[in-house]
Amino acid sequence: MFKRLGVAVGAALVAMTVFVPPAQAATFNVKNYGATGNGTTNDTAAINRTIDAASAAGGGIVQFPSGTYRSANSIHLKSKITFQLDAGSTIMGASGSGYDAPESNPWDQYQDYGHSHFHNAMIWGDRLTDIAFVGSGTIDGGGNLITGNPSSGQADKIISLTRCENLTVSGIKLRRGGHFAMLINGCKNVVSDRLTIDTASDRDGWNVISTTNVTITNGNFAANDDALAFKSDYALGQKLSNGNVRVSDMKLSAVCCNALMFGSETCGDFTGYDFQRIDIKGSNKSGLGLVSMDGAKISDVHYKDITVSGVRSPIMLKVGTRKRCGNNPGIGSISNITYDNITISGASPSFSPTIMGDAGGHVSDVTFNNVKITVPGGNGTMSTSPPSNDPNNYNPNSIGTRPAYGWYIRYADRIKFVNSAVDFVSNDGRPAVIANSSSDITFDTFGWERGTNSPFDIGFQSVNGYCVRNSGTPRISATGSTEKCAVSDDFSLAVDPPSQTVKPGENTTYTIRTAAISGSPGPISLRATNIPAGVLISFNPIEVTPGQSSTMQVFTGPSAQPGTYPIRVTGTAGSVSHSVDATLTIAGDGQLVVSGLSVADTANAADWSIQSNLRTGIAQYGDRTFNLTIVPSEVAGAAWIRTANDSKAATQNPLVRFTISRDAVVYVAVDTRSGKRPWMDNLWLDTGLSLVNSESTPKTFRLYAKGFTAGEVALGPNAASGSNYTIAIV
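Keep in mind that this is a model prediction, so the values were computed, not measured. (Residues numbered from 1 in each chain as written. Predicted model: local features only at pLDDT ≥ 70, side-chain atom pairs only at ≥ 80, totals over all residues. Heavy atoms only, no water.)

Engineer: What should I look at first to understand the pattern of salt bridges in this one?
Structural biologist: Two side chains carrying opposite charge are able to pair once their charged atoms lie near each other. For the structure on display, the rule yields 33 salt bridges. Note that Lys 78 and Asp 52 form a salt bridge whose closest N and O atoms lie 2.8 Å from each other. With a gap of 26 residues between them, Lys 78 in the loop between strand 5 (75-76) and strand 6 (81-85) and Asp 52 in helix 2 (residues 44-56) connect regions that are remote in the sequence. By sharing partners, the salt bridges in this structure join Asp 112, Asp 204, Asp 226, Lys 231, Glu 265 and Arg 324 into a single network. (Salt bridge = Lys/Arg side-chain N within 4 Å of Asp/Glu carboxyl O. Helix = DSSP H or I, 4+ residues; strand = E, 2+ residues; numbered from the N terminus.)

Structure follows, in structure tokens:
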């Protein structure tokens, strides 16, 4: 009845007996294996011996007590190893030629040298699972790592990981990383919280390449080159997918280059990126850069609540034709991008915010909502013809001085600005906006500033369908362009239910509801994007009148891969488009899916979330920075619910509800200071197992277990003076 249970847990639930807890993950102190931590002795051999011992024991924690561990050779990471860097501990790089030589790579012609080789690093590993870097210590290249192409025996990166699975990086600091503080390629299931990176004196912060299922939170990255970059190259000899990425509550800066960047390496497709609550200070290239240079299709990318200051190129979207990828790519594209609540102050009069597609690969379906950009201005009048453009170069300066001080748009379709604005600090002779060789460009409630000598305010050049409304009285120039502007015609789009779960081979339906908001919007055409492989979508009908509904039919084939997918449904009526996500979960045979989280403590509900892969090194709460340091094997890898510590005093009963797709065992980990909660009946078993966290005085959480059948699970309050509980489901 209950799948994926440990033998002891299953027996306890069936026979109501007590079982013996397993041994906790062992800790291996590097000093017990010969490390000195004195800052001068080469401790690499001792560190590698410690890793070998932990690996031989089936995995464990490699502990670095306070001290400086000089590492003049490469550290060889292995699976199921957690580096625990205690307060005051530093792993320090060294000069000389003792690091591993770069491995040969038959595909190194398709990307820069640093992206093509991985063994020439302070710490490296390939095809590893369940690895972590946690604690509050530092890994420091010491100014000895190479920023260019290293000679044999020199390292150019701190951490280098390829084809890894289940990586956690939390609480530590990486500094002076050479070319990269951290480079990962071909990985999946990556969690980072409270990571600090300081590479402002050398080059890149973190390059996340060809990687899926990534969550990066509460980080502070200060780089010289790219601070946080998402890329996809051909270094592993194949075109790999990228996506399902969430980045939030970050501070980023870049001295010479890009702060938050896609590319330039863009070989495989990217989809499903969400960036929220990010503060960017300083970037000599792009603050928010999004380029497709090597054939990638980039879609479903969302920016929200972001502040950018001191950047030369505020926002740039570009499709280039470099095609540096080993699979003979065509021209890429950029589509379904949203920017919400973005405030930017630029630092160059030339690098205006830019959307530059290609004649063979347009940028499409981009919405800017409440995006306010201030540029320095100060240019005089100039030609309004298209600027020069090097299609093989992704940098903002690959496009000549834009003929608009504000937005310059070329080769783009269905671009919409709502409640947005551009202005300048110093008078500028260029128009606020120029759009060229595009279609369906809309400015609704758009603020702009007029330069004293500007020839016009908003210009359209060969634009099929433009609209400017509720935006004052701009001087509009429309050369070879047609207006398509149904004033105040708007509609809403909703999906019901918001999420569904099926097995491969099963079908389901959603109802797409529409309503007229204002005016008389025309028929709404429906389409779906971000459709997973093996899934077909149809609408009945595919075009509706506002106020009517359509049935979206979802057909999943036997080959559809298990997972959760946000299918983007877009409705378009004239120049107005709206999108909504219909979440589809494809559950494999026996796969557990946890969904429908509902928290009665509304004040703290936003800090609760459904998570996967419970393991050491990850944040226990959504509102605290405590990590889990001990996770018993019975619940390691389980689906779990990250709760809010501040919900500990909530009295609502039930406090939380969620749905499980199959019969499962629910574990509730309760602070031992509080004990078993009053709402737990005698079917809740004391398993004898515990979670432990990383508070200054670590707290222990006793695991109580109870079996539930598929359907809704309701749990009561903590309502005690200790910490709130944590939930695991297997």
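Engineer: How should I be thinking about the state of the cysteines in this particular structure?
Structural biologist: Defined simply, a disulfide is a covalent bond joining two cysteines at their sulfur atoms. Overall, the coordinates contain 4 disulfides when judged by the stated rule. Note on cysteine connectivity: Cys 256 is disulfide-linked to Cys 257, with sulfurs 2.3 Å apart. Here the S-S torsion is close to -75°, and the disulfide linking Cys 256 with Cys 257 is therefore left-handed. Here Cys 467 pairs with Cys 485 through a disulfide, and the sulfurs are 1.9 Å apart. (Disulfide = S-S within 2.5 Å.)

Engineer: What should I look at first to understand the sheet that holds strand 48 (residues 664-671) in this one?
Structural biologist: Two modes of strand pairing occur in sheets, parallel and antiparallel, and in both the strands are linked by backbone hydrogen bonds. Pairing is antiparallel in the open sheet, where 7 strands are placed in the order 44-46-52-48-50-49-45. Each edge of the open sheet carries a strand with a single partner, namely strand 44 (609-611) and strand 45 (628-630). Going across the sheet, the axis of each strand differs from the next one's by a mean of 30°, ignoring polarity. Note: strand 45 against strand 49 (residues 685-693), 2 bridges, orientation antiparallel. Residue Leu 628 lies in a different strand from strand 49, and its bridge partner there is Asn 693. (Pairing = 2+ DSSP bridges. Axes fitted to C-alpha atoms, helices over the stretch in contact; angles between N-to-C directions.)

Engineer: What is the right way to look at helix 2 in this model?
Structural biologist: Note on helix geometry: an α-helix contains 3.6 residues per turn, so any two residues three or four positions apart are oriented the same way. The first and last C-alpha atoms of helix 2 sit 18 Å apart over 13 residues, in line with the 18 Å expected at 1.5 Å per residue. Buried within helix 2 we find Thr 44, Ala 46, Ile 47, Asn 48, Thr 50, Ile 51 and Ala 54. Buried residues belonging to helix 2 abut strand 1 (27-29), strand 2 (38-42), strand 3 (60-64), strand 4 (67-71), strand 5 and strand 6. (Expected span 1.5 Å × (residues − 1). Buried < 20%, exposed > 50% of the residue type's maximum accessible area, 1.4 Å probe, protein only. Contact = heavy atoms within 4.5 Å.)

Engineer: Is there a simple way to explain the nonpolar core in this structure?
Structural biologist: Grouped burial of nonpolar side chains is what soluble globular proteins tend to show. If you look at the biggest cluster of nonpolar residues, it comprises 106 residues, and the most contacted ones within it are Phe 83, Phe 230, Tyr 303 and Tyr 339. Ranked by residues supplied to this core, first place goes to strand 24 (residues 297-319) with 9 residues. Excluding residues that lie within four positions of it along the chain, Tyr 303 makes contacts with Leu 260, Phe 262, Phe 275, Leu 288, Gly 289, Leu 290, Ile 337, Thr 338, Tyr 339, Asp 340 and Ile 342. Ala 644, Leu 655, Ala 664 and Val 670 belong to the second largest nonpolar core, which has 26 residues in total. (Core = buried A, V, L, I, M, F, W, Y, C linked by side-chain atoms within 4.5 Å.)

Engineer: Just checking my understanding: could you explain the side chain of Arg 568 for this structure?
Structural biologist: Turning to its location among the elements, Arg 568 is positioned in strand 41 (residues 563-573). Looking at Arg 568, its side chain comes within polar contact range of the side chain of Asp 300, at 3.5 Å. Among the polar contacts made by the side chain of Arg 568, one reaches the side chain of Asp 581 at a distance of 2.5 Å. In this structure Arg 568 touches Asp 300, His 302, Arg 527, Ala 528, Thr 529, Asn 530, Ser 579, Val 580 and Asp 581, once residues within four positions along its chain are discounted. (Polar contact = N/O pair within 3.5 Å; in protein donor to acceptor, adjacent residues only side chain to side chain.)

Engineer: Where do I start with unusual backbone geometry in this structure?
Structural biologist: Glycine aside, a negative phi is what most residues show, and trans is what most peptide bonds show. Residue Gly 263 is joined to Ser 264 through a cis peptide bond whose omega torsion reads 15°. Here Ser 264 is to be found in strand 22 (residues 260-266). Of note in the backbone geometry, Asn 328 takes a positive phi value of approximately 50° without being a glycine.

Engineer: For this particular structure, what's the right way to read the packing of aromatic side chains?
Structural biologist: In the structure shown here, the tally under the stated rule is 29 aromatic pairs. On the numbers, 6.5 Å between centres and 45° between planes, the contact of Phe 28 with Tyr 33 is tilted. Note on Phe 64 and Tyr 69: the rings are 5.4 Å apart at their centroids and 80° apart in plane angle, and the pair reads as edge-to-face. Residue Phe 64 is classed as buried on the basis of its relative accessible area of 0%. According to the relative accessible area criterion, Tyr 69 is buried, its value standing at 0%. (Phe/Tyr/Trp six-rings, centres within 6.5 Å; stacked < 30°, edge-to-face > 60°.)

Engineer: Explain the sheet that holds strand 42 (residues 576-586) to me, please; I cannot follow it from the model alone.
Structural biologist: Taken in spatial order, the 5 strands line up as 35-42-41-37-39 in an open sheet, and their pairing is mixed. Across the chains shown, the open sheet's two edge strands, defined by having one partner strand only, are strand 35 (499-502) and strand 39 (543-544). The pairing of strand 37 (residues 524-529) with strand 39 spans 2 bridges and is classified as antiparallel. Pairing of Ile 524 across the sheet is with Val 544, part of strand 39.

Spatial relationships are all this shows, so hold off on functional conclusions.
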